[in-house]
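Here is how the chains run, residue by residue.
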Amino acid sequence: MIARTMNPQVLRDWARASAENLEALRGEINDLNVFPIPDSDTGSNMVFTMTAAADATDALPQDAGVADVARAMADGAVAGARGNSGIILSQVLVGLADAAELLDGPELTFKNLVASGLRLGSLAATRAVSEPQEGTVLTLIKVAATAAADHESDTASDLARAIADECADALERTPDQLPVLASAGVVDAGGRGFLALLDAMVSVLTGVSNRRRRYRGFLTGGGQAGHPEGETCSDGSDMDFEVMYQLHGAVGERIADLRRFLDDVGDAVVIVGDSSSGDGERFSVHVHTCDPGAAVEAGVTLGRVSDIRISCFALDAIRAHVDSVEPPPRYKRAVVAVVTGDGAAELFAEAGATVLRADDGLTAEQLADTIRGTDSAHVVVMANGALASQELVTVATEVRSPQRSIVTLPTSSMVQCLAALAVHDPGEQADADAYAMAEAAAGTRWGSLQLADQKMMTLAGMCDVGDVLGLIGSDVLVVAPDQTAAATALVDLMLATGGEMVTVLAGGEVDPAALDAITEQMRRSHPGIELAVYETGQCGDLIEVGVE
């Protein structure tokens, strides 16, 4: 019989996975940050806060129960919270910890903990903010709590997926709820961070990660999502400083007075309490203000103040700008082509490309390093099917900068890439050159020959292991017993709709007789159409065929 109680390791794993998810999305979340002030630190603050929560569990013995693990996470988050987003996140964890203590016993299941914890966390987070706004992370936490209650009869995995999916839908609606987000063309940054936590829970429970689109600004360009240089946020804070501190020993009834005072001297006021520290109630205080001294002194009159952090928005912006400035690139233009095979590397280098070999696979980090290594102001990238489109978008976003523009052409094969390079003109305007290359690649029909490694049904009928398959794009349209028959049939099929030039890239395992058969077939059945054959030595495809 499956035990009803929850395994505390799930919480430990979720805390660490959440911190890692936030770290991976730090830049994206920072770029979305326009409310309450566009200071580009929401991602960093949430990373710091969740990492503190995860680290706090490491100090516990391995046999610690769910309630102890949850409380350690909450204490770590409250103590390490950064920014209002971090404080709000800490309240979600406090809600989970309170729920774990209330449910401690046979009723402490994952589903009960999530349903009760999110409800308590939503209430605590909303109470902590002086002026709660719809369209912020508070909205997503409320949606998560409602979804948890609605799906409490589902399995744990289905519950987690339902919460994450409903919050993803809610995140898309945040620009409709908060005008400053609509004006900037972004979703809420804190909400994006909270969704990262929910996706981490899905991954921990199911082993499958949710793939989300990159939440960039949809009204702005140039990689400066949400707050391009020179744009101001009319609904944002006019305050100059962010003040945070811990307040110990204050009488709870006086916190309302502190909140009112901070509302008078600032905005974005967030105050949360935690009575689990052992030395009386502890409050985390956050405010944006032009009078940081008065904000701190107000806390000193109520109790002992510690861990004071004061940052200047203007100074932070200057530092961020200085840090982002790269030295001017040495070159104006570069083209990066991903290839396999010694012959292909030589051919594409002669055509003017910076060649990146992918014979043993390709990672996003390798492509990013190669792009940076071109030291060029404008880079055209053709990955030729070696990376998924989403990874290409991510790489382009990461390496784009004020000094470097990136254009990724959606080439799926090396023959398309070769056609694009044939019209590449370094002396042309960058946009016009990229457009011409894209047009040439898109106008190239491409196919390939591959060996079947399993018995399967194709559009051309059943194939057996060892048969030669002729593909046009990703569709198998030819099945033949040998390379010669498959090659000639593929060329005839591709030229059925016409063409002026056929390019063949010969792989390392191709039968020379198949190449001879293509040459003879072209001479006999397609006179007047130019044929170019290159020994590129690629792996995987026996040949690649392009028709222009």
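Taking an unreviewed UniProt entry as the reference, the protein chain is identified by name as DAK2 domain fusion protein YloV belonging to Gordonia bronchialis.

Peer 1: Looking at this structure, I do not really get the pattern of salt bridges. What am I missing?
Peer 2: Where charged atoms from two side chains of opposite charge come close, those side chains can pair. Under the defined criterion, the tally for this structure stands at 20 salt bridges. Residues Arg-71 and Glu-101 are paired through a salt bridge, measuring 3.0 Å at the closest nitrogen-oxygen approach. Of the two residues, Arg-71 is situated in helix α4 (residues 66-80) and Glu-101 in helix α5 (residues 83-103); the sequence distance between them amounts to 30 residues. Of the charged contacts in the structure, one is a salt bridge between Lys-142 and Glu-134, with a shortest N-O distance of 3.0 Å. Accessibility expressed as a relative area gives 41% for Lys-142, which makes it partly exposed.

Peer 1: Sorry, what's going on with the sheet that holds strand β8 (residues 405-408) here?
Peer 2: In sheet architecture, strand pairing relies on hydrogen bonds along the backbone and comes in two forms, parallel and antiparallel. Strand order across the open sheet formed by 4 strands is β6-β5-β7-β8, with parallel pairing between neighbours. Each edge of the open sheet carries a strand with a single partner, namely β6 (354-357) and β8. Across the sheet, the mean angle from the axis of one strand to that of its neighbour is 20 degrees, orientation sign disregarded. Direction of pairing for strand β5 (residues 331-339) relative to strand β7 (residues 376-382): parallel, over a ladder of 6 bridges.

Peer 1: Before we go on, may I ask you to explain the domain arrangement of the protein chain in this structure?
Peer 2: When the parts of a complex come together, some accessible area is lost, and that lost area is often taken as the interface size. Once the domains are mapped, the protein chain shows domain 1 (8-206), domain 2 (241-319), domain 3 (326-443) and domain 4 (445-547). In this structure, domain 2 and domain 4 have C-alpha centres spaced 71 Å apart.

Peer 1: I keep staring at the nonpolar core and nothing clicks. Help me out?
Peer 2: The nonpolar side chains of a soluble globular protein tend to be buried with one another. Counting residues in each nonpolar core, the largest one holds 84 residues, and the members touching the most others are Trp-14, Met-50, Ile-163 and Phe-194. With 11 residues, the single largest contributor to this core is α5. Residue-level mapping places this core at the junction of two domains, with at least three residues from each of domain 1 (8-206) and domain 2 (241-319). Non-local contacts of Ile-163, meaning those with residues more than four positions away in its chain, are made with Val-114, Leu-118, Ala-144, Ala-147, Ala-148 and Leu-198.

Peer 1: Got a minute to help me understand the sheet that holds strand β14 (residues 501-506) in this structure?
Peer 2: Strand order in this open sheet of 6 strands is β13-β12-β9-β16-β14-β15, and the pairing throughout is mixed. Each of the sheet's edge strands pairs with one partner strand only, and the pair in question is β13 (475-480) and β15 (530-535). The mean angle between the axes of side-by-side strands here comes to 20 degrees, regardless of whether they run parallel or antiparallel. Note that β14 and β15 share 6 bridges and pair parallel. Within β15, the position partnered with Val-502 by the bridge is Leu-531.

Peer 1: I'm lost on helix α15 (residues 364-373) in this one. Help?
Peer 2: For an α-helix, the turn length of 3.6 residues means that residues three or four places apart are oriented alike. Those residues of α15 that fall on the buried side of the exposure criterion are Ala-364, Leu-367, Ala-368, Thr-370 and Ile-371. Projection of α15 onto a plane perpendicular to its axis shows the buried side chains occupying an angular sector of 160 degrees, all on one side. α15 presents Glu-365, Asp-369 and Gly-373 as exposed residues on the side facing more than 90 degrees away from its buried surface. Residues of α15 that are buried make contact with β5, β6, β7, α16 (389-399) and β8. In the segment just after α15, Asp-375 is the residue with positive phi, at about 55 degrees.

Definitions and cut-offs
Residues numbered from 1 in each chain as written. Predicted model: local features only at pLDDT ≥ 70, side-chain atom pairs only at ≥ 80, totals over all residues. Heavy atoms only, no water. Salt bridge = Lys/Arg side-chain N within 4 Å of Asp/Glu carboxyl O. Helix = DSSP H or I, 4+ residues; strand = E, 2+ residues; numbered from the N terminus. Buried < 20%, exposed > 50% of the residue type's maximum accessible area, 1.4 Å probe, protein only. Pairing = 2+ DSSP bridges. Axes fitted to C-alpha atoms, helices over the stretch in contact; angles between N-to-C directions. Domains from an automatic or database assignment. Core = buried A, V, L, I, M, F, W, Y, C linked by side-chain atoms within 4.5 Å. Contact = heavy atoms within 4.5 Å. Arc of directions from axis to C-beta.

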